[in-house]
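Coordinates in review
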Amino acid sequence: MSKKILLAMAFAAPTLAACQMSNTDTSTAMGAAAGAGLGYITADALGSNDEWTVLATLGGAAAGALVAKDASAATCAYSNGDGTYYTAKCP
């Protein structure tokens, strides 16, 4: 899979899905997109092969989706991994 296509998919899917989500879901989707982008950029900067670039992109997306900060309430939303989430005080 081309790196450009992978990066486009990593950004497009959560961004387009965010159009019909609540604020918390939107921040989680945007966190996933930002994490995917950072994972891709880091792997590319380190000269990783395609397999490691895919792994870093997916890992970044997972990490970005895991914790989404709610700045207004000073709480964080943590993903349960099944599409639901719970909120707790940020570390």
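To be clear, the structure that these remarks concern was listed above.
Read on for an overview of the structure. (Residues numbered from 1 in each chain as written. Predicted model: local features only at pLDDT ≥ 70, side-chain atom pairs only at ≥ 80, totals over all residues. Heavy atoms only, no water.)

**Description of the overall build of the chain**
- Along the chain, the regular secondary structure elements total three helices and three strands.
- Reading the chain from its N end, one meets helices and strands in the order α-α-α-β-β-β.
- Within the chain, the proportion of its 91 residues that are buried is 27%.
- Carbon and sulfur atoms form 65% of the exposed surface of the chain, whose accessible area is close to 5,800 Å². (Helix = DSSP H or I, 4+ residues; strand = E, 2+ residues; numbered from the N terminus. Buried < 20%, exposed > 50% of the residue type's maximum accessible area, 1.4 Å probe, protein only. Areas by Shrake-Rupley, 256 points an atom, 1.4 Å probe, with all protein chains shown as cover.)

**Notes on the packing of aromatic side chains**
- If you walk through the whole model with that rule in mind, you get one aromatic pair.
- An angle of 25° between the planes, with centres 5.5 Å apart, marks the rings of Tyr78 and Tyr86 as stacked.
- For Tyr86, a relative accessible area of 44% translates into the label partly exposed. (Phe/Tyr/Trp six-rings, centres within 6.5 Å; stacked < 30°, edge-to-face > 60°.)

**Description of the pairing of strand β3 (residues 85-89)**
- Where strand β2 (residues 75-79) lies against β3, five bridges are found, and the strand directions are antiparallel. Within β3, the residue paired with Thr75 across the bridge is Lys89.
- Turn length for the β2-β3 hairpin, with the two strands adjacent in sequence and antiparallel, is five residues, and the turn residue Gly81 shows positive phi of about 90°. (Pairing = 2+ DSSP bridges.)

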